[in-house]
Structure formats: structure tokens, C-alpha cells
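For reference, the chains in residue letters:
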Amino acid sequence: APAIDYLNAIDGVGREDLFYGYENDDVVTPLEDQAYMIPFLDMCESHGVQVLSTDYCSTPAKMDDSFSRNAAKGYISFAAPERDLNVIPEYPKSPFAENSEDVESLAEAKNFLYLINPEQYASKVAFLSALSKTNYDVIILDCFFNEQEYTLSDFVSLRMKSNGGKRLLLAYMSIGEAEDYRYYWQNEWKTNAPEWLEKENPEWRGNFKVRYWHKDWQDIFIKGEHAYLEKIISAGFDGVYLDIIDAFEYFEN
């Protein structure tokens, strides 16, 4: 049965690897895995929650197929050619379902760009300039550029698509892991871990599981004066894209 309170509290859900990338990049996701995921996504759509689907594929024909399959389900989608989410795709030259309409909610969006790793850009100015020249309805980016905080002035031009329409800016926010390159990290935690800090994620070095329900972690991340979420709000993002929401599985296992 649907969790109505949860569905009413969110505007969208993110799903990776739905049609491509579940086992290997640029490879079709097994049909049985698609069949497991799609009913949950359809449940979200039927309750007014927009699905944002990210497939990992780089072959143009497969990228086209990803866009087509997602659109047929009513999902907005992004075909990421790199797993590191570090590039504005060269293909297609224009975003799928490109439009010049103002987008003020996820329900109005027809496409999005997911780019949280700006490693290919020499400066924050260069990164923001490249993004501002695109026509994506929604851009998901990290709330820092190489640990430089964004400000309200940084987003003045980025809020407008190149074709003149308004767009949404969402900040990537990993709520189930602490990252050792973030401003809040203290080096002594690796040898004298606080009560809420768990083991390092073996698949993502520098990321550590957290007891996300612990007050001390929430004070760092959500509630405190210098909390991560407060920095996102101060920068003027329109919302957050939450990652590691399945952190409960680690503690169940």
C-alpha cells in the first residue's frame, strides 16, 4: 500500500538504472529488474510525484531508446554518458523535449541535467557559464563547487535557460553518509569516531555510513546554524535531491 504521508511530503523521486546501467553501463537493465522497479514508480506518478529517471548509457541509439521508454511512462529522464555525472552530454545536442516554457515545479519539467562532479571545469565561473548555456528544465548539482559555497548571486543567470525560460535548481544531498571531503568533516573521526559514524562504504571511498536518526548528526546536517541544509537554503536552491535514502538497509543487514 502507498505511504501517503511520504508521497504528500515530496515532489519527485529519483531512480537510476531503470532501463540502462543496472549491471553495466550502456547495457540494458534486465527485464525482471525493470519489472520490479516500474510499479513503484507508477505508484508515485499516480499520486502526483514526478519520477526523475537517470539511465547510464553512451551509445546514441541507446540514449534515444532511454528517452523514449521513459517518456512513454510519463517519467522525465536523463541519459548520463558517464557514471561520475561529470559532463554535459554532447549527444543529443539539445535536451530531450527541449522547451522555452517557465518551469516552477517538477510537475512542469520535461527534462533534467544531473551533473554533480565539476572536475572538468577550472573554476566556478566556468562551470556556471557552461550550465547557463543549456536549456535543461531542471539542473541537479552539488551545493559546492570544489567545496566553494554557492551564493545567491551565482545563480542569477543560471536560473534562466538559454532560451529564456525559467528553470529549477536542485542541490544534491547525501543524507545517509558522511563524506570526508566536506567542510564539516573532522580528521580525528577516522580514529575516534563519534557515536553516529559507521564504517566506510567500500564502493565509494571517503563516504561513511551514519546513524542518520542521531541528534548530533542531524545537528550537523539539518538543524544547526552551519548545517548542510542551511547552506543549501542560503544559496537559493529550489530544493534538494536526496541520496542514500536506502541507508536503512545497511542497518537492517
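Whatever comes next refers back to the structure up there.
Thresholds, definitions, all that
- Residues numbered from 1 in each chain as written.
- Predicted model: local features only at pLDDT ≥ 70, side-chain atom pairs only at ≥ 80, totals over all residues.
- Heavy atoms only, no water.
- Helix = DSSP H or I, 4+ residues; strand = E, 2+ residues; numbered from the N terminus.
- Buried < 20%, exposed > 50% of the residue type's maximum accessible area, 1.4 Å probe, protein only.
- Arc of directions from axis to C-beta.
- Contact = heavy atoms within 4.5 Å.
- Axes fitted to C-alpha atoms, helices over the stretch in contact; angles between N-to-C directions.
- Parallel < 35°, antiparallel > 145°, perpendicular 65-115°, else oblique.
- Nonpolar A, V, L, I, M, F, W, Y, C, P; charged D, E, K, R; others polar.
- Patch = residues over 30% accessible without salt bridge, like charges linked within 9 Å, V, L, I, M, F, W, Y side chains within 5 Å.
- Areas by Shrake-Rupley, 256 points an atom, 1.4 Å probe, with all protein chains shown as cover.
- Salt bridge = Lys/Arg side-chain N within 4 Å of Asp/Glu carboxyl O.
- Core = buried A, V, L, I, M, F, W, Y, C linked by side-chain atoms within 4.5 Å.

Undergrad: Mind showing me how you'd approach the environment of W204 here?
TA: Inspection of the secondary structure assignment puts W204 in the loop between β10 (197-200) and β11 (207-210). Exposure remark for W204: the relative accessible area of 48% places this residue in the partly exposed category. Separated by 53 residues in the primary sequence, W204 and T151 place their C-alpha atoms 28 Å from one another.

Undergrad: Just to check I follow, could you spell out helix α4 (residues 124-132) for this structure?
TA: An α-helix turns once per 3.6 residues; consequently, residues spaced three or four apart project the same way. Regarding α4, the residues found buried are K124, F127, L128, L131 and S132. Down the axis, α4 shows its buried residues gathered within 130° of arc, on one side only. If you follow the buried residues of α4, they end up packed against β4 (112-114), β5 (138-142), β6 (144-145) and β7 (148-149).

Undergrad: Help me understand the packing of helix α5 (residues 215-223) against helix α6 (residues 228-235), please; the structure alone is not making it clear to me.
TA: Helix packing geometry: the angle between the two helix axes and the distance between the axes. It is at 4 Å that the axes of α5 and α6 come closest, and there the two elements cross at 5°. Judged on the interaxial angle alone, α6 and α5 are roughly parallel. Residues I220, F221 and I222 of α5 lie in contact with α6, whose contacting residues are Y228, L229 and E230. Classifying every residue of the contact of α5 with α6 by side-chain character gives 5 nonpolar, no polar and 1 charged.

Undergrad: Sorry, what's going on with a nonpolar patch on the surface here?
TA: On the surface, Y6, V240, L242 and I245 cluster together into a nonpolar patch covering about 360 Å² of accessible area. The topology assignment puts V240 in strand β12 (residues 239-243). Accessibility expressed as a relative area gives 34% for V240, which makes it partly exposed.

Undergrad: Could you clarify how one ought to interpret the nonpolar core in this entry?
TA: The nonpolar side chains of a soluble globular protein tend to be buried, and buried together. Judged by nonpolar contacts, the single largest core of 49 residues is most densely connected at Y150 and F237. A per-element tally of this core places strand β8 (residues 168-174) first, with 6 residues. L18, I38, V51 and M63 belong to the second-largest nonpolar core, a separate cluster that totals 16 residues.

Worth remembering: the numbers are spatial, not functional.
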